[in-house]
Structure formats: C-alpha cells, structure tokens
Amino acid sequence: MEIDELDYEKDEQNNSYVRAICQDQMAIELEDDWIHKVEIENQLAGEALRAVLDMSESRWKPGRISLTNRATLEPLISKSASEALNELVKAYGGIIRARVTFEGGKVTGRYIDWYAEEDWEDFTGIRWEEGRNLQKIKKTVVQRWVKTSIIPYGKKLDSNTVYWIVVQRTTNKTTAQNTVNALKAKGFKEADYVEEESEYVVRAKVYKMKAWAEKELYVVREKGWPQATVEEKQLDGSGGIEQNPAGNDGEYITIKDVEWSRDKGHPYDKPKGEEFMVDPEAVQIWGRPNYDGSSRHRWAQVHWDEIEEPEELAEAAAEWLKEHNHEYATYEAEVVDRSMEPGRSHESIRLGTAGHIIDDSFRPPIEVRVRVIALEVNLNDRTQVKITLGNFTPSALETVSNVDKELQRKVSKGAPITLLDTTVQTTKDRLRRSRGYKYESETMGTIWSDGPYGDPETQSYVQVKGGIIALADRWDPVAGEPDWRTGITGSGISADMITTGTLNAELVNIESVNEVGSRLIRMNNGELHTYTNDVKTMKVGGYSVQIFDHGDFDPNPNNDMVGHLAMSWRGTTGDGPGEASLRGLALSTLKDFVRITQDEYDPERGYYTIKKTGFGAFFTSPPYEGWRNGWAQIQLPYTFFGESSAHIDANNHSSGDAAIRLKADQDSYIFVRSNGEVHIQSGGLAKLRFMPNHYVTTNGIQHHALLIRGWSDNKWYPVEVRPTPVDF
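Residues numbered from 1 in each chain as written. Predicted model: local features only at pLDDT ≥ 70, side-chain atom pairs only at ≥ 80, totals over all residues. Heavy atoms only, no water.

Remarks on the nonpolar core
Phase 1 of the analysis: The biggest cluster of nonpolar side chains holds 38 residues, and the ones touching the most others in it are Ile150, Val167, Leu183, Val220, Met277 and Trp304.
Phase 2 of the analysis: Looking at this core, the elements that each hand over two or more residues are strand 13 (161-170), helix 5 (173-185), strand 15 (199-207), helix 6 (210-222), strand 20 (299-303) and helix 8 (310-324).
Phase 3 of the analysis: Ranked by residue count, the leading element in this core is helix 8, at 7 residues.
Phase 4 of the analysis: When sequence neighbours within four positions are dropped, the list of residues in contact with Val167 reads Thr179, Leu183, Val202, Ala204, Val220, Trp225, Gln227 and Ala228.
Phase 5 of the analysis: Core analysis: the second largest hydrophobic core is formed by 24 residues, Ile35, Val38, Ala48 and Leu76 among them. (Core = buried A, V, L, I, M, F, W, Y, C linked by side-chain atoms within 4.5 Å. Buried < 20%, exposed > 50% of the residue type's maximum accessible area, 1.4 Å probe, protein only. Helix = DSSP H or I, 4+ residues; strand = E, 2+ residues; numbered from the N terminus. Contact = heavy atoms within 4.5 Å.)

Thoughts on the sheet that holds strand 27 (residues 461-465)
Phase 1 of the analysis: Here 6 strands make up an open sheet; going across it, the order is 25-26-27-28-29-30 and the pairing antiparallel. The sheet is open, and its two edges are formed by strand 25 (437-441) and strand 30 (492-495), each paired on a single side. Along the sheet, successive strands turn relative to each other by an average axial angle of 25°, direction set aside. (Pairing = 2+ DSSP bridges. Axes fitted to C-alpha atoms, helices over the stretch in contact; angles between N-to-C directions.)

Looking at helix 8
Phase 1 of the analysis: The end-to-end C-alpha separation of helix 8 is 21 Å, in line with the 21 Å expected for 15 residues at 1.5 Å each.
Phase 2 of the analysis: Turning to helix 8, its buried residues number three or more, namely Pro310, Leu313, Ala314, Ala316, Ala317, Ala318, Trp320, Leu321 and His324.
Phase 3 of the analysis: Its buried side turned inward, helix 8 meets strand 12 (149-153), helix 6, strand 17 (277-278) and strand 20. (Expected span 1.5 Å × (residues − 1).)

Notes on the packing of aromatic side chains
Phase 1 of the analysis: Tallying each qualifying case throughout the model produces 7 aromatic pairs.
Phase 2 of the analysis: Judged by centre distance (5.5 Å) and plane angle (75°), the ring pair of Tyr92 and Trp114 falls under edge-to-face. Of the two residues, Tyr92 is situated in helix 3 (residues 81-92) and Trp114 in strand 9 (residues 106-115); the sequence distance between them amounts to 22 residues. The two residues Tyr92 and Trp114 agree in class, both being buried.
Phase 3 of the analysis: Ring centres of Phe276 and Trp299 lie 5.3 Å apart, and the angle between their planes is 90°; on these two criteria the pair is classed as edge-to-face. You can see Phe276 sitting in the loop between strand 16 (229-234) and strand 17 and its partner Trp299 sitting in strand 20, a full 23 residues away along the chain.
Phase 4 of the analysis: Judged by its relative accessible area of 37%, Trp299 falls in the partly exposed class.
Phase 5 of the analysis: These aromatic residues form a ring-pair network of at least three members: Tyr453, Tyr461 and Trp475. (Phe/Tyr/Trp six-rings, centres within 6.5 Å; stacked < 30°, edge-to-face > 60°.)

Here's what the structure looks like:
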C-alpha cells in the first residue's frame, strides 16, 4: 500500500492518533506503465502476465500463479499495464494480489500473485458474531435482482427448414430397407426412408440445424457411408416433420433433451423433458411466499443467440443462475482481531480471509459466506479493525477507497483505476486542502478562488454571473483578469479540454464550421461517420472502412459508396463445410478502378495530384488510350519476383524505343524492342538476335534471318529462316 494522505485526529477521549489513507501501490504504478502491443494466443495465464509486465518494463514481476488454463485474446494495443491486466483477468478469471518482499528493511521484490478463486480465498472458518468479535455492522445491498429459476433459449430456428443426412437414393424399396437396418445396427436408431419422386431416400437423421447435420455427417461417413450428404428441405407436410432428434419443436434451441444429475457431478438436477433449470436452495431463501407457506419461483428468460448446442446452452444457463441466485451485499463491520490471543491464530484477518456472518435482515436469519474485500487497521491499536465484507470478489486494480465508492454508486465491479479516477481523486484532495476566497459585486458577480484575486500564485477561479459560469486555472496579466477557458451556459459547455470516463450518449456529433465549409464526425450505433459540407465521406464500423464519392468533377454526381477496405476470409485445403481458415484484408471498389500511386501536393490547386502510378486495375470501359477494359497495368520500371535477382526491366532502349527485358540476372536476359526485335544476351553481350526487318536472299527470295554472334570474332552471322512446316 502507498500512503496517499495522513490525517492527525483525536478520539472522544482526546487521545491523538494518525489516520492513514492508502492506495494500492501496484494499481497506481501499473496505471503509469504502458504497453505498445502484446499478443496472447493460446498461452497460460503466467505466460500472458509475464508478456504484459515485460512489455511495460514494470518493476512488478509474476509471482505465484495457480491458474492452469489457456486463453487467446484480441491484441492488447496502446493500453496501460493496469488496463491490460484487467483484460487478462476477464479472460482467465482468478484473483490478482500484490506481494512485496523485504530483507534488512529494504524492498527486495515486487510480485503479482494470480490465484484461482478457490486457491486465493483463505477460508479460516472464522465467524463474525455480535457479542463475540463483532462490535458494529452496516449492510449495503449492491444488487438484489435475484432469480431462482431460468428458462434458457439458444439460437432461433427456421421452423420451415430441416436438414436430411441422405445416405442412399434407390428405386428398390427392399434395398432401402436393408440400408436402414444397417444404419440402425451401427447406432443410428432414427434412420428411415421416405418416398420422393418415385425413389426411396434413406436418411440417417433429420436435424433442425445445419451445423448439427454437418457435424453428424462426419460420423455417418466414418461408419461406412462415405457418399452421405446433407440436403436442405422445406417442410410441406410430407415426411420428416415429426423427426426432431434435438427435441426442439419450437422456435429456439432449448434444453428439453438435456438430462443432468448432481449425483453425476452436474451443478443442478435437470430432468429430461423440462425446458427450465431450478436452484432449489435459492427458491427456499429468495422465492416469493405462497399462501400455503411454500415458495414461488422467481423466473428469468435469457437468450443466447449464438448457441446452437443444447448441452452448451445448459452450461451457460447454469453459470448464469449461479451468478444471479443471490443478492450482492457488503457488510461494513468494526471487529476485534483476536488472532494474537492463545489458540486463536486462525482468526487473523487480511484481504481474502473468508468466513461466515449472521445476516439478521432475514426471518429467520441466514448465515452468509463472505470474504474480506477491504481492510482498515488502527495503527495505534492493531486489534481494532474496520473491514468490508462481501459475497463477491473485487478486482485487485481497485483502491480501497474505490471499493467503497463503487459500492455506493452500485455500478459494475472490477473496473480498473482510470485517468478519470485519478483526476477526480486529485481534485478532491485539492478541494479538501485548499483555502477558499469569495468576492462579490454587481459588476463581477460572484467569484470563488483558491487564493487572492489577481495573485499570480492563484490557480483556480470560478465566476457566476448572468446565468453564466466561467472557470479559469490561472491569472492573465495582459488582460488583467483570470484566463477564462471554460464556460457553462444554458446552451451548453465550451471548454478547452474535458476529462471524462464513459461518455454515454445515443448520438455524438463533433462539428467544425469555417469559411471553407463544414466538417462533421458522427458516432452512432457503434459506427463512425464523417461528412464534408453535408456530404457523407466515410463510414467506419464493424470490420470495414467505407469511402464515399465526393462527386467533384463528375458530370452526374451521386455521392454513393466508392469502395471499402475490409476483413476478408476464404477456405483452403483441410477446411470443413462452411469453414474458412485463411484471413486477410480486401481492398475493393464498386466503381471503375483501383490504383496505387505516388502523389505530390499541388499548392495552386490546393490538393494532392498523381506524380507516378505504380499499379492500376480498370474494370469498366477504358478512360483513356493505353488502358484496356478488365486489364491491370503496372507502370513501374522494375518488377522483381520473390527474393531472387529475376525481374522485368521496362526502361526504354538507348535509342528511345520502348523495350522490355526479362532478366535472370544483370547480364543474362531476353530483350524485346517495340520495333519487333528480340535479343538474347548472356555474359554482357547479345548472343542471338531476331530482326523482323533483316532478310537473307536465296535464289532471289527474301527470308527472315536470325543473327548469331560468332564465338571467336564477336561478329554477327545471319542464319536463314524459311517458313517450312515441321511435324512434331
């Protein structure tokens, strides 16, 4: 812990004591450490923690790690180490605690221990009871939205569509029956055949979900029917309607066919045929009372739109019910630490100590299992302890004061220390410690400051006058008044800077207007839209960036979408049905072309123009001579292949003619000129030439000739080429 504030106070007996307000040193320090990018892919919890701490170059190191699970996270990019650590806890679970080691009065190590919840909780069996070790108690209910029973629903079904696993089609009824018998012998008890358009279709199973059918298809093929396929059918009152092996006759996946038993290790008893799950203990405590003295269920209907498997749906429902079958409450208690007394060492109190407290707000009172989530020790009498007990686990990244603040505000637990928390805490500290000055007149209105008005050392001014609140953080000696930088009126707030936490708004508009025009950024429904002069220019959201046509220079502008940069995927060898394991980026257009260029700024025009085109692909009619519809054009002089020296050299010939060289290296290549000449060069010299305009005359007839360079004299010798047919 790090001492944040010391208060010197006196008790009712006029005894002096020191009250220390402490913050978690680890949480404060990790908020100052920063990471650029950390990728966590199928790593153990300890490996992930080390990666974050190493990247942030923190003084804190991984300590005792009891978690053994692996996880994969989205890349952690540009976050504080505190935020990154919070993401790890969300993914891996468990409890994080700071530990500092000392030797000879000096700190020798700073460690972050990470425990599975069952390993961290130090259940000593201690009981906090009035008249024994409990002096005073106050209960605060954080959340009382309790449910005792749940009806879970999974993915919505298409009630008019089924999927057949078809094994055989035959015109022989006996053959079809024999295949059905063979399927049943291999364990496919629901196998049958139906008559369809004068043939018999043998089905291994009928499913309501395509994913189930495709999963079972592999089993059918492995057991002897490799030709089996999945066929989609629309129900029309014919065969297959009554067959629904998943037991889902309604519109959603349910747990109707799931059978659970606590005797077999399941969290709840769930008979087959029931579409709900019940916690009987929660019903007894939290159920609504009936007239006959029994308790009524408190039902919840919860949808998981992405779940397709009934067993997975049951597991999600059980986890949800476990989190909602009780209230969340804290008990602020003043207790006596009796652990120093003989035989009571097990009653020591520290963060994480767990035991029982009697909650007499119930009739009859119930015994609640709680743990210490905050601790305040009287430094003058260490047996006098103030503790906050809770039946939930706070994040290690909350300060002690933050725990109290968050519980009072009744917001989600586990939030890390943020810049906002730090700023608010600093402001509160300044407010408590500073002196106040007030000035009032008809001309000035009312002014409050933290020092004399006009003093260069005064750092805070607030002026209220005529329905306006103005704020300044310094004195402006030139203007002879405070440097007003923030104003609040009935129309809104004008400020240089706003520090905030979560900005919760259905729609956010950020607009700037000047003599050139208007610019608008709009954030709505998780998407970002930009506008120039009321014309949409860009949309960012989901997995794509969309660019819109500005309409300039277009005789028929319509301002619709030009193209987008988006995530892309495709299948490859080894992928199953509906799978695509390859990932990448796609740059696409809805218009005429895609081009990669080098640009330069044109100061006369006021915008960037093309200096050199490197690559262009046109998909519509050629816009100018040299482009062809559906062709791509590379306008760079060199194009290299792989990591070798092989490349295409498209520089002009020394004579100025257009030319292209296909080079294996600098001295060996094939050379083609625009006049039709073809040269083959090796060792720096041309060895063979074909020149369309060079002829050899034989018997008065001209024939095209090849020129071959002599080996010894380097002279050119023509070789007659006659167009004589040759059979290969």
